[in-house]
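Listed here are the chains, written in short residue letters.
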Amino acid sequence: MKQKCLTLFLLLFGGFLYGQDVTVKGTVQDAETGEPLIGVNVLVVGGDNTTRGTITDFNGDFELQNVAIGAKLQFSYTGFQSLTKTVEDDSPILIKMGTDAQVLEEVVVIGYGTQKKRDVTGAVAIVDSKTIDELKPIKIEQALQGTTPGVNVTQQSGAPGAGLDIRIRGVATNGQNAPLVIIDGYQGDLNTLNPSDIESITVLKDAQAAVYGTIGANGVILITTKTGRKNRPPQLSYNTYFGQQETSRTLPLLNATEYALLLNEAYAAGGQALPYPNASGLGSGTNWQEEVFDRAPMMSHDITVSGGSDRVTYSLSGSHLEQQGVVGGNKSSFRRSTARLSLGIDLADNLKLTTNAIYSNVDRDALNENGLGAVLFNALNAPPTQAVLDDAGEFTLVPNTPGLGIEVINPLAQIANTFNDYDLSKLNGQTTLDWTVLEGLKLTGRVGFNTSNSESRNFNKLINYGGKVFDITRSSVNQNAINDNNYSLDLFATYERSFGSAHNLTLTGGSTVFREIGNGLFATGFDVPNNEWNFADIALALGTSPDGGRDVGSYAYDERRLSYFGRAQYDFDGKYLLSAMLRRDASTKFGPDNRVGVFPSFTAGWILSDEEFFNTDGKVDLAKLRVSYGILGNDQIVNNGYIGTLSGEATYVFGGALVNGTAIGALPNPALQWEEAEKFNLGVDLALLDYKINITADYFINTRDNLLISNIPVSGITGTFAPGAASPTVNAGAVRNQGLEFSIGYQERYDNGLKVNFNYNFTTLRNEVLEVNNGTGFIEGGAFGVGQLAPSRMEVGQPIGYFYGYETDGIFQNAAEVEAHPSQIALGAEAQPGDLRFKDLNGDGIIDAGDRTYLGDPIPNITMGLNLSFDYKKFDFRAYIFSSIGNDMVRNYERALSDVNRLDYYLDRWTGEGTSTEVPRVTTAATSNLVFSDFYVEDASFIRLQNLQLGYTMPLSFLRNDLSTLRLYISANNLLTLTGYRGFDPAASSGAPIGGGIDYGFYPIPRIFMVGANLNL
């Protein structure tokens, strides 16, 4: 009886002790230095089933009231190992946190699985959510520029919503160079993602990507979106910013007086009457850039609610972004709305279900942004002597004269008469089921999907620009509806086993089925009622095209891929690492004889710092050597390229009348196959001074073979010269990229509340074409001026897309120099003093097309990124800088006509012997000064301050708990660009491998000033 009473008493007393609430105080210190750690998160979990917390003060102290005995305290701090401490009583707690070897413990997504960063043997780069939050990118691609070595991002235009091109370790093919994007395990698209939803970005740059076989040759970008966490109450996050945009650059054009005087000089030199006999009263005239550019607003809101219980995690978010253009305002605008759901459920102890779904809606309006006739092209070339409006308040017409041509129009009228709309709705996501069959063996099934529907409408208003090519004599509306879908099914198993104390093995194997289907419908209607946008609809525009042409078009596609893959990862004693991968792909994009491809690869690593002979003094925290080699594929080609299609044109007599029909298009090539990328990488990882300094260096060689070369010459009897027909496409090219990547990071925390982070990286790149086996030995691309030879080439021994033209040798100063030089009449006119002097490179005594040579290329030799951050108490400061060195650009935004406006460098033109050796004379007479030469090629190297940000964080413990905060910040994006290039944006590119560096007046990237807030509850 006594024994039973004692037992009951102990149970009751023990329960009382467990349920007792106490006040917990303590101090958190650096385990190595003994210095207090400021801002450590202290979280209470368990006990009373609540979750709350606080942060340490400037002395490293913390205090939590009403904490149940038995509850657990979690201590977390960036750069230190997280700790858990059970509350036993109310005695003061001393916590010593050791440096977190993040390179050892950080988990990296590597495709069909994860791996500790210490064990990664491939070339992998990571951008975390903190970096994304600091950069505030409008599109997620922008977060990779300058933060990730080996990755170069270029904008096709600075217009809102314009496309961006990502190149991982260079331009490797004359076709599609975009990397593969995997979002939470399924093949996705970056364009519609809200950057705030992303937890991390992992970039696979070498043979590590071979697990994706025929779609991994251009590199792989793995996106992990944010999820909830277990045993957390609902966490609310709200982020917003408002911004004001302005053009980051205007070009120094001639004012009206300078223009008139220059024009008078040109007309006099051409033996014509002066167009402006009284130029002194013209003043400054119209500054068309000031008229076209304007300040434009932008704003963003996003909200996230996340949390979880012991078996369920959830994250729900929504966002809305609006951005108007600095050219055209709402005629050049971008709106994006997203909604995302992430859900994880432990159906059983060994069965887990996760699902993610993202809905995006994009609404974009755009102007003519690049090329001859673009808005900025017209703003640069329109005469400053012309007013914007005439006396009747209508837009003035640029005269249709030989000196102004038929392309230059009033840019304000062009904006006013542009009407278009593009709408995209996209739903994508995945559902994954993980079943741990037994210890070490996990089976995974995943279904991924993308479905998108887009509609666009373009209205061509009946308008007269004064006899220009842009005159519309009959109104019309173009509409299209496109439906694109893809689905994937992944089934794979992961087996982990340790043998003895030193052998660790992970095996992964499975299959992937991928299908993409879609269709498009295009239609044109004429004679829009009332000649107004509001009536621009196919249902109302009942007119048909002249001459019986087709007003409709359509397409459909259905492509499939079946893949099997396997990967073995082995390490011995944690020091010797080996990984081998093999993937077999079968794709319907290729003919039966070349439908299947096998892609092997291997990676290996050696952790030197664990060897006793290497790290005797213990100063090196980590030293790892890596090597990788593998074969990857690229199947990004046109559908049905291996078979013949009736896509040509044919007109024949039937029943005594001409009838329009179809004929065979490009000749088929049943032997067509995917491109192959041979990738080699040698790398080293170093960590020093308790992981305060981290260094990574990689040397790589990527060789792309079997490039797809179009228009291979064949016999004319095959009908390749018929309308719509073409010669076949053949695997007949090769390109090599090689270079060095280097990055160094330094982080330090001081006991006065100061934290410093420094990261610097650079990439060198050498691109060389190894083969173009098409009969001519080169492929041409791009355009310069009107009617001139193509300015860009892909040719053996040169970088892909290099510029090909005439090399100048100063300016003829007098008639004697002209007489002594080979004739230039083959270029359009005999030379005169003041004209550009071209080199006779082939020595035949004549300057002609045979004297063209390499003039530069758009591929940078070196790219660099420098990222700095300082945190002092509640203040934080961030700076992101990017630089590109060695890339050239062609200045093609100046129309080759006598009466267009010019940049002010023409004020330093040649006006007589000895006056100039760089800028030629002006004249209305025929000259060869306008042919493509190095006079129009400029060094476009630049350094850009991408982001500058200052923030202040205040606690909001009175709202919820001590972890609730509000951060206010001001930020400037693209604040400063230093460059010698004369154009709007030295970083812009059309994205084309051949012809991408030709500037037709690129829409400049805007400078953005923002104020924002981040609220966490």
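Residues numbered from 1 in each chain as written. Predicted model: local features only at pLDDT ≥ 70, side-chain atom pairs only at ≥ 80, totals over all residues. Heavy atoms only, no water.

**Structural notes on the environment of Tyr969**
Turning to step 1, where the next piece is worked out: Tracing the backbone shows Tyr969 in strand β48 (residues 965–979).
Turning to step 2, where the next piece is worked out: With relative accessibility at 3%, the residue Tyr969 sits in the buried group. (Helix = DSSP H or I, 4+ residues; strand = E, 2+ residues; numbered from the N terminus. Buried < 20%, exposed > 50% of the residue type's maximum accessible area, 1.4 Å probe, protein only.)

**Re the sheet that holds strand β2 (residues 41–45)**
Hydrogen bonds along the backbone pair up the strands of a sheet, which may run parallel or antiparallel.
Turning to step 1, where the next piece is worked out: Taking strand neighbours across the sheet as the criterion, the four strands line up as β3-β2-β5-β6 in an open arrangement whose pairing is antiparallel. At either margin of the open sheet sits one strand with a lone partner, and together these are β3 (52–55) and β6 (80–86). The sheet shows a mean angle of 20 degrees between the axes of neighbouring strands, direction not considered. (Pairing = 2+ DSSP bridges. Axes fitted to C-alpha atoms, helices over the stretch in contact; angles between N-to-C directions.)

**Remarks on helix α4 (residues 256–269)**
Turning to step 1, where the next piece is worked out: The end-to-end C-alpha distance of α4, which contains 14 residues, comes to 20 Å, matching closely the 20 Å that a straight helix rising 1.5 Å per residue would cover.
Turning to step 2, where the next piece is worked out: Turning to α4, its buried residues are Ala256, Thr257, Tyr259, Ala260, Leu262, Leu263, Asn264, Ala266 and Tyr267.
Turning to step 3, where the next piece is worked out: Looking at where α4 begins, the residue whose side-chain oxygen comes 3.1 Å from the main-chain nitrogen of Thr257 is Asn255.
Turning to step 4, where the next piece is worked out: Positive backbone phi, approximately 75 degrees, marks Gly271, located one or two places after α4. (Expected span 1.5 Å × (residues − 1). Polar contact = N/O pair within 3.5 Å; in protein donor to acceptor, adjacent residues only side chain to side chain.)

**Remarks on the pairing of strand β1 (residues 21–30)**
Turning to step 1, where the next piece is worked out: Burial of the side chains of β1 is restricted to one face: Val22, Val24, Gly26, Val28 and Asp30 are buried, whereas none of Asp21, Thr23, Lys25, Thr27 and Gln29 on the reverse face is.
Turning to step 2, where the next piece is worked out: Taken together, the six bridges between β1 and strand β4 (residues 61–68) define a ladder with antiparallel strand orientation. Pairing of Gly26 across the sheet is with Phe62, part of β4.
Turning to step 3, where the next piece is worked out: Relative to strand β7 (residues 93–97), β1 is paired through five bridges, and the arrangement is parallel. The partner of Gly26 across the bridge, within β7, is Ile93.

**Things to note about the pairing of strand β20 (residues 329–348)**
Turning to step 1, where the next piece is worked out: Note: strand β19 (residues 312–325) against β20, 14 bridges, orientation antiparallel. Note that in β20 the partner of Glu322 across the bridge is Arg335.
Turning to step 2, where the next piece is worked out: As consecutive antiparallel partners, β19 and β20 are separated by three residues, and within that stretch Gly328 has a phi angle of approximately 90 degrees, a positive value.
Turning to step 3, where the next piece is worked out: By the bridge criterion, 15 bridges tie β20 to strand β21 (residues 351–365) in an arrangement that is antiparallel. Paired with Ser342 across the strands is Asn356, a residue of β21.
Turning to step 4, where the next piece is worked out: Remark: two residues form the turn of the hairpin made by β20 and β21, two consecutive strands paired antiparallel.

**Notes on the packing of aromatic side chains**
How two aromatic rings sit relative to each other is set out by the distance from centre to centre and by the angle between their planes.
Turning to step 1, where the next piece is worked out: Throughout the structure, instances matching the rule amount to 27 aromatic pairs.
Turning to step 2, where the next piece is worked out: A centroid spacing of 5.0 Å and a plane angle of 50 degrees characterise the contact between Phe784 and Phe932, whose relative ring orientation is tilted. Of the two residues, Phe784 is situated in the loop between β37 (778–781) and β38 (792–795) and Phe932 in the loop between β45 (888–891) and β46 (937–939); the sequence distance between them amounts to 148 residues. Phe932 matches Phe784 in its accessibility class, with the two residues each being buried.
Turning to step 3, where the next piece is worked out: One aromatic cluster in this structure is built from Phe784, Tyr905, Tyr906, Phe932, Phe935 and Tyr936. (Phe/Tyr/Trp six-rings, centres within 6.5 Å; stacked < 30°, edge-to-face > 60°.)

**What to know about a nonpolar patch on the surface**
Turning to step 1, where the next piece is worked out: On the surface, Tyr570, Phe572, Tyr576, Leu578, Phe602, Trp606, Phe613, Phe614, Leu625 and Tyr629 cluster together into a nonpolar patch covering about 880 Å² of accessible area.
Turning to step 2, where the next piece is worked out: Looking at the nonpolar patch, the elements with two or more residues in it are β26 (552–572), β27 (576–587), β28 (596–607) and β29 (620–634). (Patch = residues over 30% accessible without salt bridge, like charges linked within 9 Å, V, L, I, M, F, W, Y side chains within 5 Å. Areas by Shrake-Rupley, 256 points an atom, 1.4 Å probe, with all protein chains shown as cover. Salt bridge = Lys/Arg side-chain N within 4 Å of Asp/Glu carboxyl O.)

**So, the confidence of the model for the chain**
Turning to step 1, where the next piece is worked out: Residues at a pLDDT of 70 or more form 94% of the chain, whose mean pLDDT is 88.
Turning to step 2, where the next piece is worked out: Mean pLDDT values for the elements of the chain range from 45 in helix α1 (residues 2–19) up to 97 in strand β41 (residues 836–838). (pLDDT = per-residue confidence, 0-100.)

**Observations concerning the sheet that holds β4**
Turning to step 1, where the next piece is worked out: Spatial strand order, β4-β1-β7: three strands in an open sheet with mixed pairing. Two strands in the sheet have a free side with no partner beyond their single neighbour: β4 and β7. On average, each strand axis in the sheet is tilted by 30 degrees relative to the strand beside it, whichever way the strands run.

**Focus on the pattern of salt bridges**
Turning to step 1, where the next piece is worked out: The final tally for this structure, using the stated rule, is 42 salt bridges.
Turning to step 2, where the next piece is worked out: Between Asp685 and Arg626 there is a salt bridge; the shortest N-O distance is 2.9 Å. Of this pair, Asp685 sits in strand β32 (residues 675–688) while Arg626 sits in strand β29, and the two are 59 residues apart along the sequence. An identical accessibility class is assigned to Asp685 and Arg626; each is buried.
Turning to step 3, where the next piece is worked out: Across the pair Glu938 and Arg891 runs a salt bridge whose closest N-O atoms are separated by 2.5 Å. Placement of Glu938 in strand β46 and of Arg891 in strand β45 is noted, with a sequence separation of 47 residues between them.
Turning to step 4, where the next piece is worked out: Residue class for Glu938 comes out buried when judged on its relative accessible area of 8%.

**Regarding unusual backbone geometry**
Turning to step 1, where the next piece is worked out: Positive phi values are uncommon outside glycine, yet Arg169 reaches one of about 60 degrees.
Turning to step 2, where the next piece is worked out: With respect to the helices and strands, Arg169 occurs in the loop between β12 (164–168) and β13 (180–183).
Turning to step 3, where the next piece is worked out: One non-glycine residue, Asn531, adopts positive backbone phi at about 55 degrees.
Turning to step 4, where the next piece is worked out: Within the element layout of this structure, Asn531 appears in the loop between β25 (503–526) and β26.

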